Amino acid sequence: MTSTLSIHNWFKKKQAEKEVLGRERLDIPGGLWVKCYKCGQALFSKDLESNLKVCPKCNYHFKLTSTERIAQLADEKSFKEINANIRSKDFLGFNDAKPYAKRIKDSITKAKLNDAIVTGLGKICDLPCALGIMDFSFMGGSMGSVVGEKVTRLIEEAIVKKCPVIIFSASGGARMQEGIMSLMQMAKTSAALGRLRENSLPFISVLTDPTTGGTTASFAMLGDINLAEPGALICFAGPRVIEQTIRQKLPPGFQRAEYLLDHGMIDCVINRKDLKETLVKILRWFNNVQR
Amino acid sequence: MSKDKKEKRNLLAIEKPLEDLYQKLEDLKKLAEAGKMELTEEVRQMEKRIEAKRKDLFTNLTPIQTVQIARHLYRPTTLDYIGYIFEDFVELHGDRNFSDDPALVSGLAKLAGRSVVVLGQQKGKSTKENIARNFGMANPEGYRKALRVMRIAERYGRPIISFIDTPGAYCGIGAEERGQAEAIAKNLREMAELTVPFISIVTGEGGSGGALGIGMGNRVLMLEFAIYSVISPEGCASILFRDAKRANDAAVAMKITAKDLLELGIIDDIIKEPAGAAHNNPEQAAVNIKNALINNLEPLLTLSHRELIADRYNKFRKMGIFEEG
Ligand SMILES: [Zn+2]
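Fair warning: this is a prediction, and the values are worked out from it, not measured in the lab. (Residues numbered from 1 in each chain as written. Chains lettered and ligands numbered in written order. Predicted model: local features only at pLDDT ≥ 70, side-chain atom pairs only at ≥ 80, totals over all residues. Heavy atoms only, no water.)

**Describing the interface of chain B and chain A**
Every contact between the two is made by 48 residues of chain B and, on the other side, 61 residues of chain A. Counting the surface chain B buries against chain A, the share from its top three residues, Arg189, Tyr313 and Arg317 of chain B, is 14%. Taken together, chain B and chain A are joined by five salt bridges. In this structure, Arg317 of chain B engages Glu156 of chain A in a salt bridge whose closest nitrogen and oxygen atoms are separated by 2.8 Å. On inspection of chain B and its partner chain A, the count reaches 17 residue pairs in polar contact (both at pLDDT 80 or more). Elements supplying a minimum of two residues to the side of chain B that touches chain A: helix 8 (173-177), helix 9 (180-192), helix 10 (208-212), strand 7 (227-229), helix 11 (233-240), helix 12 (247-254), helix 15 (305-317) and strand 9 (322-324) of chain B. (Contact = heavy atoms within 4.5 Å. Buried area = accessible area lost by both parts, 1.4 Å probe. Salt bridge = Lys/Arg side-chain N within 4 Å of Asp/Glu carboxyl O. Polar contact = N/O pair within 3.5 Å; in protein donor to acceptor, adjacent residues only side chain to side chain. Helix = DSSP H or I, 4+ residues; strand = E, 2+ residues; numbered from the N terminus.)

Structure (structure tokens):
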């Protein structure tokens with residue numbers, strides 16, 4: 001009995017490893033053909049792009065870069081980036097497999113971004129808003145001083161401009177290379193959202209795959225409205241950490257967007273094709289614009 | 001009180017060199033008791049030597065040794081400190097929503113005659129107690145209870161004092177289902193807007209979001225041998241260094257001691273611990289905490305609601321190190 005179980009577990013583990021590998025490789029479709037990580041369907045990359053990077057067969061939502069997200073949502077040429085030139089600093093002289101200073105430099109080159117979030121002012125169907133889009137391709141979307149500062153400045157800018165804030169989160173949590181300073185970004189961003197609320201300005205949080213750790217436990221969960229993309233992993237502690245802690249199998253669909261919807265943590269799970277329309281409805285509700 | 005025996009039992013790993021000296025002290029005392037010799041002076045000398053040696057041992061601790069002290073089973077807990085520092089404590093239970101979380105205690109109390117609300121994570125003093133207290137790892141209902149009592153303090157204009165001592169917020173199925181992330185996030189936003197003076201003290205382990213979830217005081221103080229970090233040194237070692245045994249390297253790299261955090265501007269002050277750390281003399285540790293509380297509370301009591309909120313906002317707003325331009 002035990003041996004069968006362990007073989008079963010071994011296969012499961014192998015499968016999981018494959019999935020993780022496959023996912024990393026395929027989420028950045030470079031070639032002509034892309035294989036869906038979830039259903040294995042071979043997809044013509046042009047078709048995948050035109051379908052907003054959602055698998056037509058199984059509805060798997062591929063990760064988007066910040067550029068792709070802005071292109072899908074904001075009115076053409078309406079997005080003006082702010083605070084683009086804030087960059088991370090290796091103030092602890094942190095060196096794990098690679099010195100953090102080098103890691104920052106390499107990530108900037110690789111992701112073609114200065115850090116894990118792009119912020120700015122833009123319009124969606126002519127409705128002005130302050131937009132923050134996290135980018136998982138930069139150090140797993142981890143939140144260090146830069147992400148915390150840019151989110152906070154975005155919120156402060158929205159208070160000045162009197163417009164709503166929309167943040168798309170995609171984050172592996174706190175950036176450990178910045179030690180406690182990364183933890184404090186949770187306090188900073190949440191406090192800023194308190195000010196936004198005092199000013200009666202809405203915050204719409206869109207949680208995308210994956211949103212975890214300190215990002216979830218701060219601004220991402222504080223939306224007046226919390227939306228999520230289908231299948232997105234949304235959690236405080238990652239599934240592996242929990243499994244190690246409780247030594248127990250996790251329930252099916254655990255920590256996925258639909259599971260959080262069932263447990264009352266988010267308002268709606270929205271398909272990417274309906275996201276823009278839903279955001280517009282919500283923004284109009286807050287604006288009280290007569291149609 | 002059989003002080004020697006108790007102290008011997010309480011020796012930490014880093015105090016191993018004291019074992020010998022304690023043995024000698026005991027021998028001396030036995031001899032003296034047997035009435036064979038007049039040894040009062042020798043006993044006093046030996047006690048002096050022990051204290052000098054102890055002081056020496058605690059002067060240049062490595063970060064991981066500090067971690068061991070901060071986590072030690074003998075370290076005074078939140079309820080110990082509440083007992084020493086406050087009068088008329090009435091414990092308040094429950095989040096009025098789901099349940100009562102024994103890993104986080106809270107209540108009404110008087111600090112030098114002044115009404116305050118106190119709260120903090122509660123660890124156990126034995127394995128059995130620790131299981132009952134979930135090792136001081138609160139569930140969402142713990143954070144929601146904390147917010148509930150903070151609101152009571154706010155409603156009646158009473159200061160809030162939080163004691164931080166947790167490995168972290170609990171990681172479990174129920175915790176996730178009931179919104180651990182939401183509970184902590186909400187506390188962060190609400191703590192920022194409290195209209196009453198708020199002081200947080202890291203007394204033992206300041207474990208990540210679980211610590212911060214009750215830790216947004218106008219003043220954040222730390223006991224000399226407490227730690228505060230975004231992830232445990234072991235966790236950091238296994239994730240970033242891919243070797244859990246490199247916890248000491250991780251502890252050094254992350255800067256988690258009171259001294260480091262004062263330099264980084266994360267905490268406002270360090271509260272001295274008695275010789276041989278808080279567990280060696282909990283009463284004295286409590287006196288030091290009480291004095292620090294009274295001193296730090298004093299200037300906050302003169303601030304208006306608006307000023308208190310601004311003071312807290314500016315404190316956390318400044319945190320972050322980056323390059324611009
Ligand atoms: Zn598919």
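After presenting the structure, the write-up continues.
**Looking at the coordination of the zinc ion**
All names here are of chain A. Within the first shell, the zinc ion binds the protein through Cys36 (SG), Cys39 (SG), Cys55 (SG) and Cys58 (SG), at distances of 2.3 to 2.4 Å. Each of the four donor atoms around the zinc ion contributes to a set of angles spanning 106 to 113°, which defines the coordination as tetrahedral. Coordination of the zinc ion draws on donor residues from a single chain, spaced C-x2-C-x15-C-x2-C in sequence. With Cys36 in the loop between strand 1 (33-35) and strand 2 (42-44) and Cys55 in the loop between helix 2 (45-50) and helix 3 (66-73), this pair connects stretches of sequence that are 19 residues apart. Each member of the pair, Cys36 as well as Cys55, is classed as buried. (Donors = N, O, S within 2.8 Å, 3.2 Å for Na, K, Ca; no water. Tetrahedral: all angles 85-135°; square planar, octahedral: opposite > 155°, others 65-115°. Buried < 20%, exposed > 50% of the residue type's maximum accessible area, 1.4 Å probe, protein only.)

**Regarding the pairing of strand 2 (residues 104-111) of chain B**
Residues and elements named next belong to chain B. Taken across its eight residues, strand 2 has six buried, putting it largely inside the fold. Here three bridges tie strand 1 (residues 87-91) to strand 2, and the two strands are oriented antiparallel to one another. When the bridges of strand 2 are listed, Glu87 appears paired with Lys110. For strand 2 and strand 3 (residues 114-121), the ladder comprises eight bridges, and the chain directions are antiparallel. Counterpart to Gly107 in the pairing with strand 3 is Val118. Taking the residues that link successive antiparallel strands as the turn, the strand 2-strand 3 hairpin has two residues, and the phi of Ala112 there is positive, at about 45°. (Pairing = 2+ DSSP bridges.)

**Focus on the confidence of the model for chain B**
Overall, the predicted model of chain B reaches an average pLDDT of 93, with 97% of residues at or above 70. Here the complex is predicted with pTM 0.91, and the ipTM for its interfaces comes to 0.93. (pLDDT = per-residue confidence, 0-100.)

**A word on the confidence of the model for chain A**
All names here are of chain A. For chain A, mean pLDDT is 90; residues scoring 70 or higher make up 88% of the total. Low pLDDT (under 50) marks residues 1-11, which in the prediction has zero contacts with non-local residues, meaning those over four places away or in another chain. Here residues 17-26 is modelled with pLDDT under 50, and outside its nearest four sequence neighbours on either side it reaches eight contacts, counting other chains as well.

**Things to note about helix 12 of chain B**
What helix 12 of chain B keeps buried is the set Ala247, Ala250, Ala251, Ala253 and Met254 of chain B. Each buried residue of helix 12 of chain B sits inside an arc of 165° when the element is viewed along its axis, so together they form one side. At its buried positions, helix 12 of chain B is contacted by helix 6 (180-198) of chain A together with helix 4 (63-71), strand 7 and helix 11 of chain B. Lys255 of chain B, located one to two residues past helix 12 of chain B, shows a positive phi value of around 60°. (Arc of directions from axis to C-beta.)

**Side note on the packing of helix 3 of chain A against helix 10 (residues 272-287) of chain A**
Relative orientation and spacing of two packed helices are given, respectively, by the angle between their axes and the distance between those axes. All names here are of chain A. Remark: helix 3 packs on helix 10, axes separated minimally by 10 Å, with the N-to-C direction vectors making an angle of 60°. Judged on the interaxial angle alone, helix 10 and helix 3 are oblique. Once helix 3 is placed against helix 10, the crossing between them reads as right-handed. On helix 10, the residues that touch Arg69, Gln72 and Leu73 of helix 3 are Arg272, Leu275, Lys276 and Leu279. Looking at the contact of helix 3 with helix 10 residue by residue, the class counts come to three nonpolar, one polar and three charged. (Axes fitted to C-alpha atoms, helices over the stretch in contact; angles between N-to-C directions. Parallel < 35°, antiparallel > 145°, perpendicular 65-115°, else oblique. Left-handed = near helix turned anticlockwise from the far one by under 90°. Nonpolar A, V, L, I, M, F, W, Y, C, P; charged D, E, K, R; others polar.)

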